[in-house]
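Observations on the model geometry
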Amino acid sequence: MSDQNRLGVFKTYKLYVGGKFPRSESGRVYEVTDSKGQWLANAPKSSRKDARDAVVAARKAFGGWSGATAYNRGQVLYRVAEMLEGRKEQFVREVAASEGLSKSKAAAAVDAAIDRWVWYAGWTDKIGQIAGGANPVAGPYLNLSTPEPTGVVAVLAPQKSSFLGLVSVIAPVIATGNTAVVIASADAPLPALSLGEVLATSDVPGGVVNILSGVTAEIAAPLAAHQDVNAIDLTGADAELAKELEIAAADNLKRVLRPQPVDADGTSDSEDWLASPGTHRLTAFLETKTVWHPTGALGAAGSSY
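Our subject in this report is the structure included herewith. (Residues numbered from 1 in each chain as written. Predicted model: local features only at pLDDT ≥ 70, side-chain atom pairs only at ≥ 80, totals over all residues. Heavy atoms only, no water.)

Side note on the sheet that holds strand β9 (residues 255–257)
The sheet built from five strands is open, its strands ordered β7-β6-β5-β8-β9 with parallel pairing. Looking at strand neighbours, the two that pair on one side only are β7 (209–212) and β9, the edges of this open sheet. Here the strands of the sheet are splayed against their neighbours by 15° on average, with no regard to which way each runs. (Pairing = 2+ DSSP bridges. Helix = DSSP H or I, 4+ residues; strand = E, 2+ residues; numbered from the N terminus. Axes fitted to C-alpha atoms, helices over the stretch in contact; angles between N-to-C directions.)

Written out as structure tokens, the structure is:
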């Protein structure tokens, strides 16, 4: 059969929850279009039940992931970069269509996203050196502070930067041992849903990252109020939604990472995702544990160790 007579196979996009690819439990989908309004695909429209299922999966995965060595987490993140490198052309196409970018600009964004995984892979076993350490105290004891992951983090991905921005908010959360429930860009969810396929084949344990698509406010509300969610990143929320979610998050004292100042169109994607990410997102979802340990006196002079 010649190519001109062949019908192409359309891709079915699904959620990524607990290492599996379910459809929304509600059975709902919505149309995703490119920057010119042309249909690209149908994406699953997540429900509150999907959000709760994702939290259950993230909590189940937290013990094993947070208990892994930092070096091992770095290896896993680097493996994600390796797998993305092999599927780069697919992501360039999806990013270009989703964001209305030229092929060269989309390729630059995808390259930066791959490099971002490598960047955070290198920080997994080093962040403890800048976020913890021995504290000087006046007494016969040692005082040591060490960073520990906060827990389950709900992440509202950037609305405009469908892939580079997405990676920039997911990678630092899991690099430090947290697990994530991610709400993809509402208008451009396809690169995020495809990322789930990469994570599933990149040694990332099921449940460490869970990816939902749909109406951001509809999914974010139950996550902000969920008692088993420990923190929330409001990057993808506009000013009004961010305020509502922050109020809901206060009920169980969630850590909240506030969005950047909003643009004129009401979105908060003013952050330059191509810039060096720094370490502020690594430390945003860490707790500090301080341990006091007594030291003994040696000899008559009272010197200590």
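Additional details are given in the paragraphs that follow.
Considering the packing of helix α1 (residues 48–67) against helix α8 (residues 216–225)
The geometry of α1 relative to α8 is characterised by a closest axis approach of 9 Å and an angle of 45° between their N-to-C directions. When the axes of α1 and α8 are compared, the pair comes out oblique. The way α1 lies across α8 gives a crossing that is right-handed. Contacts between α1 and α8 involve Arg-48, Ala-51 and Val-55 on the former and, on the latter, Glu-218, Ile-219, Ala-221, Pro-222 and Leu-223. Partitioned by chemical class, the residues of the contact of α1 with α8 number six nonpolar, no polar and two charged. (Parallel < 35°, antiparallel > 145°, perpendicular 65-115°, else oblique. Left-handed = near helix turned anticlockwise from the far one by under 90°. Contact = heavy atoms within 4.5 Å. Nonpolar A, V, L, I, M, F, W, Y, C, P; charged D, E, K, R; others polar.)

Re the packing of aromatic side chains
Enumeration over the complete set of coordinates arrives at five aromatic pairs. Seen from their ring centres, Phe-91 and Phe-163 are 4.8 Å apart, and the 25° between their planes marks the pair as stacked. Of this pair, Phe-91 sits in helix α3 (residues 88–99) while Phe-163 sits in the loop between β5 (152–156) and α6 (164–175), and the two are 72 residues apart along the sequence. Seen from their ring centres, Trp-119 and Trp-123 are 6.3 Å apart, and the 55° between their planes marks the pair as tilted. Here Trp-119 and its partner Trp-123 are both found in helix α4 (residues 103–123), four residues apart, which amounts to about one turn of the helix. Above the plane of the ring of Phe-62 lies Arg-59, whose end atom (NZ or CZ) is 5.6 Å from the centre. (Phe/Tyr/Trp six-rings, centres within 6.5 Å; stacked < 30°, edge-to-face > 60°. Lys NZ or Arg CZ within 6 Å of the ring centre and 35° of its normal.)

Side note on the side chain of Asp-233
Relative to the assigned elements, Asp-233 resides in strand β8 (residues 231–233). Residue class for Asp-233 comes out buried when judged on its relative accessible area of 0%. Engagement of the side chain of Asp-233 in a polar contact is seen with the side chain of Thr-235, the distance being 2.6 Å. If near-sequence neighbours (up to four positions away) are discounted, Asp-233 is found in contact with Ala-154, Val-155, Leu-156, Val-169, Leu-257, Arg-281 and Phe-285. (Buried < 20%, exposed > 50% of the residue type's maximum accessible area, 1.4 Å probe, protein only. Polar contact = N/O pair within 3.5 Å; in protein donor to acceptor, adjacent residues only side chain to side chain.)

Some thoughts on the sheet that holds strand β3 (residues 133–135)
Taken in spatial order, the three strands make up an open sheet running β3-β4-β10, and their pairing is antiparallel. The open sheet has two edge strands, β3 and β10 (286–294), and neither has a second partner. Each adjacent strand pair in this sheet contributes to an overall mean axis angle of 30°, direction not counted. With three bridges connecting them, β3 and strand β4 (residues 141–149) associate as antiparallel partners. Residue pairing in the sheet places Gly-133 in a bridge with Ser-145 of β4.

Concerning the nonpolar core
Counting 59 residues, the largest nonpolar core has Leu-84, Trp-117, Phe-163, Ile-174, Val-182, Leu-195 and Leu-199 as the members making the most contacts within it. Here this core gets nine residues from one element, more than from any other, and that element is α6. With residues near it in sequence (within four places) discarded, Val-182 still touches Val-155, Ala-157, Leu-166, Ile-170, Val-209, Asn-210, Ile-211 and Leu-212. Formed by 25 residues, the second largest nonpolar core is a distinct cluster that contains Ala-54, Ala-154, Leu-156 and Leu-223. (Core = buried A, V, L, I, M, F, W, Y, C linked by side-chain atoms within 4.5 Å.)

Focus on the pattern of salt bridges
Taken as a whole and judged by the stated rule, the model has 15 salt bridges. Two residues, Lys-88 and Glu-85, come together in a salt bridge whose shortest N-O distance is 3.2 Å. Its relative accessible area of 27% is what places Lys-88 among the partly exposed residues. Each member of the salt-bridge network shares a partner with another, and the members are Lys-11, Arg-87, Glu-94 and Glu-197. (Salt bridge = Lys/Arg side-chain N within 4 Å of Asp/Glu carboxyl O.)

Focus on the environment of Trp-119
Using a relative accessible area of 32% as the deciding quantity, one classes Trp-119 as partly exposed. Residues Trp-119 and Leu-77, 42 residues apart in the sequence, show an inter-C-alpha distance of 9.3 Å. Among all residues touching Trp-119, those that are not within four sequence positions of it are Ser-276, Pro-277 and Gly-278.

Regarding the environment of Gln-38
Of note, Gln-38 is situated in the loop between β1 (29–33) and β2 (39–44). Sequence separation of Gln-38 and Val-92 is 54 residues, and the distance between their C-alpha atoms is 18 Å. Apart from the residues within four sequence positions on either side, Gln-38 is in contact with Val-32 and Thr-33.

A short note on α8
Residues of α8 that are buried: Thr-216, Ile-219, Ala-220, Pro-222, Leu-223 and Ala-224. In this structure, the buried residues of α8 make contact with α1, β5, β6 (179–183), β7, β8 and α9 (239–249).

With respect to the packing of α3 against helix α7 (residues 190–200)
Packing of α3 against α7 leaves a shortest axis separation of 9 Å and a crossing angle of 160°. Here α3 is positioned roughly antiparallel relative to α7, judged by the angle of their axes. Remark: the crossing between α3 and α7 carries left-handed chirality. Across from Gln-90, Phe-91, Glu-94, Val-95 and Ser-98 in α3, the residues of α7 making contact are Leu-190, Pro-191, Ser-194, Leu-195, Glu-197 and Val-198. The class makeup of the residues in the contact of α3 with α7 is six nonpolar, three polar and two charged.

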